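Take a look at the letters that make up each chain.
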Amino acid sequence: MRKNKKIENCANHLYNEFPKAEMFIEYSEKISVSEGILYVAEQENCYWFLDIVVQNCIKLNAVKYQKWKLLKNEDGEIIVVVSDRKDEMLLKINGPAKDFYFSSLTICKIGNNLLMPCEE
């Protein structure tokens, strides 16, 4: 008997229609976010993910392009993995237990701006 392959429930598959980001809104003292990021944070109630990025991105300030991926395992535990443009892991953070519907969400940090990958 063949096992069914698990289908990834990725938020980026749903939120992949934003145009190229042209306007950014100040989110914190040094970080601005795209309209797409604000929309996803509002719809999915995941401002806490943006806060994790803002609180930890200073550690990686020398890396201009960062990919921040929120992963939720089957037990509901949240892990945030940060990688560079070459997909080399830079940082791994155990996140707080949250009621997040999706199994993953990826956002990008380019310079001081956070945006959805489809907005690049």
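This structure is a prediction, so every number in the text was calculated from the model and none was measured.

About the cut-offs
Residues numbered from 1 in each chain as written. Predicted model: local features only at pLDDT ≥ 70, side-chain atom pairs only at ≥ 80, totals over all residues. Heavy atoms only, no water. Helix = DSSP H or I, 4+ residues; strand = E, 2+ residues; numbered from the N terminus. Rg over C-alpha atoms; globule rule 2.2 N^0.38 Å. Buried < 20%, exposed > 50% of the residue type's maximum accessible area, 1.4 Å probe, protein only. Contact = heavy atoms within 4.5 Å. UniProt positions renumbered as here; feature names shortened; annotations may be inferred. Arc of directions from axis to C-beta. Core = buried A, V, L, I, M, F, W, Y, C linked by side-chain atoms within 4.5 Å. Salt bridge = Lys/Arg side-chain N within 4 Å of Asp/Glu carboxyl O.

### Section: the overall build of the protein
Inference 1: Helices and strands together make up the secondary structure of the protein, namely three helices and seven strands.
Inference 2: Beginning at the N terminus, the succession of helices and strands in the protein can be written as α-β-β-α-α-β-β-β-β-β.
Inference 3: Compactness check: the protein gives a C-alpha radius of gyration of 14 Å against a globular reference of 14 Å for 120 residues, within 12% of the reference.
Inference 4: Taken over the C-alpha atoms alone, the protein extends approximately 55 × 30 × 25 Å along its principal axes.

### A look at helix α3 (residues 47-56)
Inference 1: Here α3 has its buried residues at W48, F49, L50, I52, V53 and N56.
Inference 2: Of the surrounding elements, those touching the buried residues of α3 are α2 (35-44), β3 (65-72), β4 (78-83), β5 (89-94), β6 (104-110) and β7 (113-115).

### Things to note about the UniProt feature "domain: DUF6876" (unreviewed entry) in the protein
Inference 1: The residues that UniProt annotates with the feature "domain: DUF6876" (unreviewed entry) are residues 15-119.
Inference 2: As annotated, residues 15-119 comprises 19% helix and 34% strand, and the C-alpha atoms at either end are separated by 10 Å.

### What about α2?
Inference 1: Listed as buried for α2 are G36, I37, V40, A41 and E44. Each buried residue of α2 lies within a common arc of 130° when the element is viewed along its axis, so the set occupies one face.
Inference 2: As for α2, its buried residues are in contact with β2 (32-34), α3, β6 and β7.

### Let's talk about the nonpolar core
Inference 1: Among the nonpolar cores identified, the biggest contains 29 residues, and F49, W68, L105 and I107 are the most heavily contacted of them.
Inference 2: For this core, the elements supplying multiple residues, two or more each, are α2, α3, β3, β4, β5 and β6.
Inference 3: Per element, the largest residue contribution to this core is five residues, and it comes from α3.
Inference 4: In this structure, L105 is in contact with A11, N12, V40, C46, F49, W68, K69, L70, F100 and M116, ignoring residues within four places of it in sequence.

### Digging into the pattern of salt bridges
Inference 1: A full pass over the atoms with the stated rule returns one salt bridge.
Inference 2: In this structure, the salt-bridge partner of D87 is K67, at a minimum N-O distance of 2.6 Å. One end of the pair, D87, is in the loop between β4 and β5; the other, K67, is in strand β3, and 20 residues separate them in sequence.

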